[in-house]
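So the chains spell out like this:
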Amino acid sequence: MRHASRPFFILSPVAHAVSRLAMLATLGLAVAGPGHAQAPAVVANGTAPSAPLTLQSSPLLAEDVSKAPGDEGPTFVFGDTISGRPDLETVIEGNAELRRGATSMRADRIEYYQPDDQLKSTGNVRINNAGNRFEGPELQLKLDRFEGFFTTPRYRFLQNGGNGQAERVDFIDDKHFSAHRATYTTCERDNEESWKPAWEMTATRVDFDLDREVGVATGAVVRFKQVPILAFPKVSFPLSDKRKSGFLPPTLGLDSLNGFEVRQPYYFDIAPNRDATFSPAIMTKRGVDLAGEFRYLEPTYSGQLRANVLPGDKLRGRDRWSYSLQHIGAIDTGVSAIGGVGLNLNLNKVSDNDYWRDFPVATGQVTQRLLTQDAILSWNKGYFSSSVRALKWQTLQDVNSPIIPPYDRLPQLTAAYTRVDAPLLGMGSGFDWSAEADFTRFSADQNLTKQPNGNRAFSRLQVSRPWLAPWGYVTPKVQLHATSYQFESPLANGATSATRVVPTFSLDSGLTFERDASYFGRSFTQTLEPRAFYVRTPYRDQSFLPNYDSGANSFNFATVFTENAFVGNDRISDANLLTLGLTSRLLDPATGAEAVRLGVAQRLRFDDQRVSLPAIGTTPVPGALPVTDRVSDLLVGASVNWVPQWTFDSTVQYNPKIRESELASIGVRYNPGNYRTVSAAFRRQRNISEQIDVGWQWPINDLWGDKGQDLGAGRGQGGGRYYSVGRLNYSTLEKKLVDAVVGIEYDGCCWIGRVVLQRSQNSTATSSTRILFQLEMVGFSRIGASPLETLKSNVPRYQNLRDKISPPSRFTTYD
């Protein structure tokens, strides 16, 4: 048979592969390149198609290749010389190359024996199967079934960059193979002969399952910096971030409250939308803690359940437990005429009053001494909505700092009918109107609240007519509040019931002026937006009424333009006041992005506000005293985002009578890039608190000029990078550090080390301290107590050094 000089052929699959190759080689025919539109096509049965093939355009190459029998696609071969016998064998020598579907192979010599579908490659063999690569001296393979063996290969997987070498790899198929006396790591090899991976697993045998994306190692030893740190008779590990059941790495922690803690979680991958984790722990100061978590996710609802049981706490001498259930979603009634039904649950309970002090992180509540058990069943259809709510509080009391408990709501019934831009009493459309009703039964420990429990029925009718134009708006609004009370015990005046009806009128108006402007070489659209808001509510004596749920509104830009000085429905403030505000903004004319915003607002009061909140004990609370000032404090705010890297935000409440600020909040943030953020804030409340808050995440290498590529993106080589992270909250009045989180992270490309010290103030006299340390072998496992949640919740704009990225394409390593 005549030799062909470096031809390029298309081989039809299976039976005709070698015969077509021999025929084309004998003829010396080469298929035209992509520039020849009329190149002949060869199909599996060796005949020309009856009609020209139509190409379908696609912006992406196909990631998946058909595995159906007879649909393997054509086989492409290259080589310096090709020889063989029709229907028997083909030999490719010199720069030999074979491609079929997602598989490409290179070697010095490739032999293919057709009757047995047996392929043998020798000399610098490299095979790439869907992005997973193998390199070695010799490969024998049944090509169609991808069954065979590879001697002394090196391998690398596409999904996570895992790599290693073995004495032999046995292929079961293209998704399953076994490596004997193998190694595995995610560290990338450099060009030095003396290179050693930072961490490596060795095993007598590793079974790789690319379908499930897991590996199972037998006789495994994990070494870090050549030091053995873990050993397993048998262990499974991930080849991607796909979930799987099994033991998770143990977590280790050191805590001033619990002592040394070792926790061993086991993960249950129940279904794609359900999982569970069982996490028993040993605490040297307390005993054995049994913890668990169950999560679920459905198209219309989701939730999670957490629980802890600590039998016989050695420090407290009793059993300790807690549970937390969060559920949110809709209920499918199967009847569209019923409308939407929703169920929200937020249930939290602990065993005793000291739980918040002993386990300050476990409750997950904003206020760890007030735990909610809250269930809401809601319904809505069209303009109508309603809900049934049961709310009960668990108050964790401290004899040195008692809390007056909030009122339970057992039950609370609400209903509302709302229309927007709708007709009203035959006066045409354009009106916004609504009717709301609320019935609640309030109950609490009267020895602490000093108020009678009772029922309250509240309703509010509201009508407004907005007139809107590009240059401004005017919105008059009328409200009518009606309330009725029934008490379990008499009030101070002997009454067991009470009623209250309060009308409110308001007029909101604003203008918008715009002009083109230029500052510091940048073009802007500058706005000037004056606003006037008038409220008139007559005085109704409410001093004899209990206060179940009302509190004073904070004085800020979000509340200064509201009708009622209180939140809740037990107090409706009398008002005869005008609020004036002025805002100016600089907007990018191309994108509308806000570069600068300046605002000022102040209230002018024409009559004293006589309605106030009752004092709690002997301590006045905000809103407990009548307001007699004709001119309120001045609100001044500024927000500057001139360049994306810098952000400045501030709000000051200035008291013109004493010429001093009552409240001040000033914050600045610098965020020039990934893993680089510094923020600082100063917050002051006159005679009450004054705090400085600083948070950061920054590469320490930058301090000595090493500002190269961050390894945090999962790329790069070299000696790695150090990052400093933390947040400090300091009270200047008390001259002490309130809370602190300080840590160091090291990114060594294939491993990350973290050490974090956290100090939390539990009360005015007590605090807790814990050390969190973690070794993360990237793409394999984590050892230690994870500080990631602590860093995310405390450090503003903290970025995980291993943020998830899009899965790699098989074409990134296709050669």
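The structure this text deals with has already been given above.
As the structure is a computational prediction, the values presented were derived from the model and not from experiment. (Residues numbered from 1 in each chain as written. Predicted model: local features only at pLDDT ≥ 70, side-chain atom pairs only at ≥ 80, totals over all residues. Heavy atoms only, no water.)

A.B. asks: Quick rundown of the state of the cysteines? Include the residues and the values.
C.D. replies: What the rule picks out here adds up to one disulfide. Here C187 connects covalently by a disulfide to C750, the sulfurs 1.9 Å from one another. Because the sign of the S-S torsion sets the handedness, a value of about 65° for the bond joining C187 and C750 places this disulfide among the right-handed ones. Of this pair, C187 sits in the loop between strand 13 (176-184) and strand 14 (199-209) while C750 sits in the loop between strand 46 (736-747) and strand 47 (751-761), placing them 563 residues apart in sequence. Accessibility classification places C187 together with C750 in one group, the buried group. (Disulfide = S-S within 2.5 Å. Helix = DSSP H or I, 4+ residues; strand = E, 2+ residues; numbered from the N terminus. Buried < 20%, exposed > 50% of the residue type's maximum accessible area, 1.4 Å probe, protein only.)

A.B. asks: Go over the pairing of strand 7 (residues 118-129) with me, naming the residues and quoting the values.
C.D. replies: Sheet topology places strand 6 (residues 103-113) next to strand 7; nine bridges connect them, and they run antiparallel. Residue pairing for strand 7: E111 is matched across the bridge by K120. Adjacent in sequence and paired antiparallel, strand 6 and strand 7 are bridged by four residues, among which D117 carries a positive phi angle near 55°. Pairing between strand 7 and strand 8 (residues 132-142): 10 bridges, direction antiparallel. Pairing of T122 across the sheet is with E138, part of strand 8. (Pairing = 2+ DSSP bridges.)

A.B. asks: Got a sec to walk through empty space enclosed by the protein? Specific residues and values, please.
C.D. replies: The rolling of a water-molecule-sized probe over the atoms marks out the regions of remaining empty space. As enumerated under the stated definition, the model contains three cavities of 30 Å³ or more in all. Quantified by volume, the second largest cavity comes out at close to 60 Å³. Together, V535, T562, E563, N564, A565, S573, D574, A575, L577, R603, R605 and Q609 line the second largest cavity. Mapped by element, the contributors of at least two residues to the lining of the second largest cavity are strand 38 (575-587) and strand 39 (594-605). Residue classes in the lining of the second largest cavity are distributed as four nonpolar, four polar and four charged. (1 Å grid on protein atoms, 1.4 Å probe; cavity = no way out; pocket = protein on both sides within 12 Å on 5 of 7 lines; lining within 4 Å. Points joined across faces, edges and corners; volume = space filled by probe spheres on them. Nonpolar A, V, L, I, M, F, W, Y, C, P; charged D, E, K, R; others polar.)

A.B. asks: I'd like a description of the nonpolar core, backed by residues and values.
C.D. replies: Of all hydrophobic cores here, the largest spans 50 residues; its most connected members are Y155, F171, Y184, W199, M201, F208 and F237. The element that contributes the greatest number of residues to this core is strand 14, accounting for five residues. (Core = buried A, V, L, I, M, F, W, Y, C linked by side-chain atoms within 4.5 Å.)

A.B. asks: Please set out the environment of G253 residue by residue, giving values where relevant.
C.D. replies: In this structure, G253 sits in strand 18 (residues 251-255). According to the relative accessible area criterion, G253 is buried, its value standing at 11%. Along the sequence, G253 and L772 sit 519 residues apart, while their C-alpha atoms lie 5.8 Å from each other. Beyond its immediate sequence surroundings of up to four residues, G253 is in contact with G259, F260, E261, I771 and A785. (Contact = heavy atoms within 4.5 Å.)

A.B. asks: Explain a nonpolar patch on the surface residue by residue, including any values.
C.D. replies: A contiguous nonpolar patch, built from F268, I270, F278, I282, V288, L290, V309 and W321 and spanning about 700 Å² of accessible area, is present on the exposed surface. Inspection of the secondary structure assignment puts I282 in strand 21 (residues 274-283). (Patch = residues over 30% accessible without salt bridge, like charges linked within 9 Å, V, L, I, M, F, W, Y side chains within 5 Å. Areas by Shrake-Rupley, 256 points an atom, 1.4 Å probe, with all protein chains shown as cover. Salt bridge = Lys/Arg side-chain N within 4 Å of Asp/Glu carboxyl O.)

A.B. asks: Quick one: what's the story with the pairing of strand 47, residue by residue and with numbers?
C.D. replies: Pairing geometry for strand 46 and strand 47, over eight bridges, is antiparallel. When the bridges of strand 47 are listed, V741 appears paired with Q758. Between strand 46 and strand 47, which pair antiparallel one after the other, the connecting turn spans three residues, and C749 there sits at a positive phi close to 75°.

A.B. asks: Break down the packing of aromatic side chains for me, with residues and values.
C.D. replies: Aromatic rings considered in pairs are described by the distance between their centres and by the relative angle of their planes. The final tally for this structure, using the stated rule, is 40 aromatic pairs. Measuring from ring centre to ring centre gives 4.9 Å for Y746 and W751, while their planes differ by 40°; the resulting arrangement is tilted. For W751, a relative accessible area of 13% puts it in the buried group. Site record: aromatic cluster; members linked through ring pairs are F134, F146, Y155, F157, F171, F177, Y184, W199, F208, F237 and F780. One Lys or Arg, R419, reaches over the ring of Y383 and ends 3.9 Å from the middle of that ring. Cation over ring: R465 sits above F431, and NZ or CZ is 5.8 Å from the ring centre. (Phe/Tyr/Trp six-rings, centres within 6.5 Å; stacked < 30°, edge-to-face > 60°. Lys NZ or Arg CZ within 6 Å of the ring centre and 35° of its normal.)

A.B. asks: With reference to specific residues and values, describe the side chain of E261.
C.D. replies: By the secondary structure assignment, E261 is in strand 19 (residues 259-263). For E261, the contacting residues outside a window of four places in its chain are T251, L252, G253, A281, I282 and M283.

A.B. asks: Let's hear about the environment of P626: which residues, and what values?
C.D. replies: Mapped onto the secondary structure, P626 falls in the loop between strand 39 and strand 40 (634-640). Accessibility expressed as a relative area gives 49% for P626, which makes it partly exposed.

A.B. asks: A description of the pattern of salt bridges should follow, citing residues and the corresponding values.
C.D. replies: Under the criterion given, the structure shown has 49 salt bridges. A salt bridge links R316 to D358; the nearest nitrogen and oxygen atoms lie 2.8 Å apart. In this pair, R316 is assigned in the loop between strand 23 (301-313) and strand 24 (318-331) and D358 in helix 2 (residues 355-358), connecting sequence segments 42 residues apart. Under the relative-accessibility criterion, D358 is labelled buried at 4%. Here R318 ties to D354 by a salt bridge, and the two come within 3.1 Å at their closest N and O atoms. In this pair, R318 sits in strand 24 while D354 sits in the loop between strand 25 (340-350) and helix 2, placing the two residues 36 residues apart along the sequence. Look at R318 and you get partly exposed, because its relative accessible area is 31%. A single salt-bridge network, built from bridges that share partners, covers R286, D313, R316, R318, R320, D352, D354 and D358.

These figures capture arrangement, not role.
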